[in-house]
Amino acid sequence: KAQEYLGQYRGLMRKLSYLAERIKEQELKATSVRSSMGFETGIDKNGRAHLLEHSKTFDPGARERLLHVLLNQAVEYDQERERAEVMARTIEQDIDRLLADERYRLVLKYIYVKQCTYTQTAYKMNYSYWHIKRLHWTALEAFGRKMTQDDPA
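Residues numbered from 1 in each chain as written. Predicted model: local features only at pLDDT ≥ 70, side-chain atom pairs only at ≥ 80, totals over all residues. Heavy atoms only, no water.

(A) Expanded view of the overall build of the protein. Within the protein, the secondary structure is distributed over 5 helices and 2 strands. Seen in sequence order, the protein has helices and strands lined up from the N terminus as α-β-β-α-α-α-α. Counting the 153 residues in the protein, one finds 31% classified as buried. In the protein, the proportion of contacts linking residues at least 24 apart, taken out of those at least 6 apart, comes to 61%. For the protein, the accessible surface area stands at approximately 10400 Å², while carbon and sulfur atoms represent 53% of it. (Helix = DSSP H or I, 4+ residues; strand = E, 2+ residues; numbered from the N terminus. Buried < 20%, exposed > 50% of the residue type's maximum accessible area, 1.4 Å probe, protein only. Contact = heavy atoms within 4.5 Å. Areas by Shrake-Rupley, 256 points an atom, 1.4 Å probe, with all protein chains shown as cover.)

Following this line, the structure appears as structure tokens:
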């Protein structure tokens, strides 16, 4: 249960990255919409450009509708990003709140929050690879017990 809960962090980070890209795409689309979108222009016999009102593409509200859709999508992506950030912060706070041993907190944060490998974590914490593996599993067990105590359901 603890590993599943902490494993959500990696998925949340991927989701945040995706949402940031989508928000940027929506902003670029919205800023590139031309005022003439949906209108075709023609040249009359005097050389002046005018709208071809009878063309199939003539739609005076096309630009506004497109901007409205892009804005709504950007807002939805931004709200989803905020929810993911809150969940990620909650996971980090739960690690700090539920584990008294600093080594346990660090190993879980390196592995789940920073997404380091066992080897990288061992190097950062100045322990052997095998000691980090033992710390990780012991920390997961302790975290799981504390989660169960706090929320028996």
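After presenting the structure, the write-up continues.
(B) Here's a closer look at the pattern of salt bridges. Following the criterion strictly, the structure yields 9 salt bridges and no others. Across the pair Lys 15 and Glu 80 runs a salt bridge, and its minimum N-O distance is 2.4 Å. Residue Lys 15 is located in helix 1 (residues 2-32), and its partner Glu 80 is located in helix 2 (residues 62-98); the two are separated by 65 residues in the primary sequence. A salt bridge links Asp 78 to Arg 81; its shortest N-O distance comes to 2.4 Å. On the criterion of helical spacing, the pair formed by Asp 78 and Arg 81 is a turn pair, its members being 3 residues apart in helix 2. Classification of Asp 78 as partly exposed rests on a relative accessible area of 25%. (Salt bridge = Lys/Arg side-chain N within 4 Å of Asp/Glu carboxyl O.)

(C) Just helix 5 (residues 129-150), in detail. The end-to-end C-alpha distance of helix 5, which contains 22 residues, comes to 31 Å, matching closely the 32 Å that a straight helix rising 1.5 Å per residue would cover. Along helix 5, the positions that sit buried rather than exposed are Ile 132, Leu 135, His 136, Ala 139, Leu 140, Ala 142, Phe 143, Gly 144 and Met 147. (Expected span 1.5 Å × (residues − 1).)

(D) Representation of helix 3 (residues 102-113) within the structure. Tyr 104, Arg 105, Val 107, Leu 108, Ile 111, Tyr 112 and Val 113 are the residues of helix 3 that are buried. For helix 3, the capping residue at the N-terminal end is Asp 101, with a side-chain oxygen 2.8 Å from the backbone nitrogen of Arg 103. (Polar contact = N/O pair within 3.5 Å; in protein donor to acceptor, adjacent residues only side chain to side chain.)

(E) Quick peek at the side chain of Arg 105. Looking at the secondary structure, you find Arg 105 in helix 3. A polar side-chain atom of Arg 105 sits 2.7 Å from the main-chain carbonyl oxygen of Leu 99. Among all residues touching Arg 105, those that are not within four sequence positions of it are Ile 95, Asp 96, Leu 99 and Ala 100.

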